[in-house]
Amino acid sequence: MTDSSKTAKPTPLSGPKGVPDYVPPVSATFIRVRDEFARQAHLAGYQHIELPVFEDTALFARGVGESTDIVSKEMYTFADRGDRSVTLRPEGTAGVMRSVIEHNLDRGYLPVKLNYYGPFFRYERPQAGRYRQLQQVGVEAIGIDDPLLDAEVIALADRCYRSVGLTGFRLELTSLGDSTCRPQYREKLQEFLFKLPLDEETRHRAEINPLRVLDDKRPEVREMLADAPLMLDHLSAESREHFETVTGTLDDLKVPYVINPRMVRGLDYYTKTTFEFVHDGLGAQSGIGGGGRYDGLMAQIGGQDLSGIGFGLGVDRTVLALEAEGVALEGVDRRVEVFGVAIGEAAGKRMSLLVDALRASGISADMSYGGRGLKGAMKGADRAGAKFALVLGERELEAGQVAVKNLADHSQVEVPLNVEAVIGEIRRGA
Ligand code: HAM
């Protein structure tokens, strides 16, 4: 190594492509959204499940579907040091099913209602709102095929968005039928598609998964598909009744929706009720959440033949949608309630004890460091969004007092220099 290479400044590194960092203050919004969604899920009886971020690759191949883009093109798959093929989870439902089967949760009271949140990984082409590490809050209600449960899950998603102040979204809804009507419909759709002058790739898609062709965005293909048969017109009596109960219950719950019979989801496991929440302020990546019922999934990954329904709400896109709507979540700017402003070394030491005692009593507190003067230290209080500043100079220290300054109305009271007196004043002024 030459001398110059020893002293050369390393070039700064960037984060992985297509992966967002959440730094303050947006990180506070992110946490508020995630926690509020989880809180709403708990209010509806869902319990938290914490799952691994990577799983055996076979789980997703079987659970999500090999014909999907997610499995065929977007998985982060690698061999670990023991030469096992593992995959960073691209979604949450398959992992929840694996765990429910493994821990026999499906042998107890049904439905099993579980909630999860965290990062998921998809090697997609990054663009605004489309990330390679995305965050979701999800719920799964497993083991009972009851349309009232579908309505509960959908209404819960609607409530999650509204609870953080989002309004500019719409719920799109359809039914993808069941094992009695879907195969017949699939044949009918293929019959229609094979008569069209489709290009090689689209024809191939029509052979593997004809429903996916309905999602083609090219105008010339869309035109050809205008008269394509739709699943909603070919539902079995049972699927139709199920869907009608779902829509009727949503009407009763006053959850607005539009029927979109051409909805195509990116995962293969859906049956019957399927839905998506769309926000128009986000450009191309407008899906802020989605979900549906999955009849065959559990059996497909080696469990009992039980049905389930769930959703995944995109936390990243919800944060972007809040920004697009100009909604600021209350209180997210506040780092701490109380900020200590100490002038001089002795006051600094005393303040660090006071701040520690406040924290021990459950009051969030911070203080100025680095021997700042009054003006600089007050700036810290401002930055922290504190409600109160505690001002301690030599004079106060000598008198055994501390000034409690209410930063909202600028009033100031001197109280004895102990944590009880400070807390008393804060409670009085809060
Ligand atoms: P999904 O529709 O693939 O469903 O994803 C759910 C939500 O995650 C999307 O609506 C979107 O908001 C967000 N999302 C997906 N991909 C990205 C991305 N690349 N960047 C940012 N956000 C993204 C599922 O994952 C299913 N597991 C949901 C489910 C649960 N269905 C039944 N149970």
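Owing to the predicted nature of the structure, the values given are computational and were not obtained by experimental measurement.

Quick look at the layout of surface pockets now. Roughly 590 Å³ of internal volume is contained in the second largest pocket. If you trace the second largest pocket, you find 29 residues lining it, with Arg182, Asp268, Tyr269, Tyr270 and Thr271 closest to the centre. Among the elements of the structure, helix 3 (57-63), helix 7 (182-194), helix 9 (210-213), strand 9 (271-279) and helix 12 (297-300) are those that each provide at least two residues to the lining of the second largest pocket. Its residues assigned to classes, the lining of the second largest pocket comprises nine nonpolar, eight polar and 12 charged.

Moving on: the domain arrangement of the protein chain. Along its sequence, the protein chain is carved into domain 1 (26-181 + 235-325) and domain 2 (338-429). With centres defined by C-alpha atoms, the gap from domain 1 to domain 2 works out at 47 Å.

An order of 2-4-3 is seen for the three strands of this open sheet, with the pairing classed as antiparallel. Pairing within the sheet leaves two strands with one partner each, and these edge strands are strand 2 (54-56) and strand 3 (76-79). Averaged over neighbouring strand pairs, the angle between their axes works out to 35° when direction is ignored. Bridge analysis of strand 3 against strand 4 (residues 85-88) gives four bridges, and the strand direction is antiparallel.

In this section: unusual backbone geometry. Cis geometry marks the peptide bond from Pro24 to Pro25, where omega comes out at 5°. On the secondary structure map, Pro25 appears in the loop between helix 1 (3-7) and helix 2 (26-43). Residue Pro111 follows Leu110 across a cis peptide bond; omega there is 0°. Following the sequence through the fold, Pro111 ends up in the loop between helix 5 (93-102) and strand 5 (112-121). A positive phi angle is found at Asn104, which is not glycine, with a value near 55°. Secondary-structure assignment places Asn104 in the loop between helix 5 and strand 5.

Right, let's get into empty space enclosed by the protein. One pass over the structure, following the stated rule, counts three cavities of 30 Å³ or more. Quantified by volume, the largest cavity comes out at close to 70 Å³. Those elements that provide at least two residues to the lining of the largest cavity are helix 5 and strand 5. Here the lining of the largest cavity is built from residues that sort into six nonpolar, two polar and three charged. Considering only enclosed or pocket space, the second largest cavity measures out at about 50 Å³ in volume. As for the second largest cavity, its lining consists of Leu176, Tyr185, Leu211, Leu214, Met231, Pro261, Arg262, Met263 and Val264. For the lining of the second largest cavity, the per-class residue count stands at eight nonpolar, no polar and one charged.

Let us look at a positive patch on the surface. There is a patch of like positive charges on the surface, built from Arg372, Lys375, Lys379 and Arg383. Along the chain, the position of Arg372 falls in the loop between strand 13 (365-367) and helix 15 (374-383).

Our next topic: the side chain of Asp216. Here Asp216 lies in the loop between helix 9 and helix 10 (219-224). A distance of 2.8 Å separates polar atoms of two side chains, one belonging to Asp216 and the other to Arg218. Setting aside its immediate chain neighbours within four residues, Asp216 contacts Thr202, Arg205, Val221 and Arg222.

Helix length check: helix 2, at 18 residues, gives a terminal C-alpha distance of 26 Å against a target of 26 Å (1.5 Å per residue), a fit within 8%. The set of residues buried in helix 2 consists of Ser27, Thr29, Phe30, Val33, Arg34, Glu36, Phe37, Ala38, Gln40 and Ala41. Considering only its buried residues, helix 2 is in contact with strand 5, strand 6 (133-142), helix 6 (147-163), strand 11 (308-314) and helix 13 (315-325). Looking one or two residues beyond helix 2, the residue adopting positive phi is Gly45, at roughly 90°.

As a further point, take the packing of aromatic side chains. One pass over the structure, following the stated rule, counts 10 aromatic pairs. Plain terms: the ring middles of Phe275 and Phe277 are 6.1 Å apart, the flat faces sit at 85° to each other, and that makes the pair edge-to-face. The pair Phe275 / Phe277 is uniform in exposure class, with both members buried. An aromatic cluster of three or more residues is present, and its members are Phe37, Tyr161, Phe169, Phe275 and Phe277. Here the guanidinium or amino end of Arg89 rests over the ring plane of Phe120, the centre of that ring lying 4.3 Å away.

Quick look at helix 5 now. Residue pairs spaced three or four apart in an α-helix point in one direction, given the helix's 3.6 residues per turn. Along helix 5, eight of the 10 residues are buried, which leaves the element largely enclosed by surrounding structure. Of all the positions in helix 5, only Thr93, Ala94, Gly95, Val96, Met97, Ser99, Val100 and Ile101 are classed as buried. Residue Asn104 follows helix 5 closely and has a positive phi angle near 55°.

Criteria and cut-off values
- Residues numbered from 1 in each chain as written.
- Predicted model: local features only at pLDDT ≥ 70, side-chain atom pairs only at ≥ 80, totals over all residues.
- Heavy atoms only, no water.
- 1 Å grid on protein atoms, 1.4 Å probe; cavity = no way out; pocket = protein on both sides within 12 Å on 5 of 7 lines; lining within 4 Å.
- Points joined across faces, edges and corners; volume = space filled by probe spheres on them.
- Helix = DSSP H or I, 4+ residues; strand = E, 2+ residues; numbered from the N terminus.
- Nonpolar A, V, L, I, M, F, W, Y, C, P; charged D, E, K, R; others polar.
- Domains from an automatic or database assignment.
- Pairing = 2+ DSSP bridges.
- Axes fitted to C-alpha atoms, helices over the stretch in contact; angles between N-to-C directions.
- Patch = residues over 30% accessible without salt bridge, like charges linked within 9 Å, V, L, I, M, F, W, Y side chains within 5 Å.
- Areas by Shrake-Rupley, 256 points an atom, 1.4 Å probe, with all protein chains shown as cover.
- Salt bridge = Lys/Arg side-chain N within 4 Å of Asp/Glu carboxyl O.
- Lys, Arg positive; Asp, Glu negative; His and termini not counted.
- Charge placed at Lys NZ, Arg CZ, Asp CG, Glu CD.
- Polar contact = N/O pair within 3.5 Å; in protein donor to acceptor, adjacent residues only side chain to side chain.
- Contact = heavy atoms within 4.5 Å.
- Expected span 1.5 Å × (residues − 1).
- Buried < 20%, exposed > 50% of the residue type's maximum accessible area, 1.4 Å probe, protein only.
- Phe/Tyr/Trp six-rings, centres within 6.5 Å; stacked < 30°, edge-to-face > 60°.
- Lys NZ or Arg CZ within 6 Å of the ring centre and 35° of its normal.

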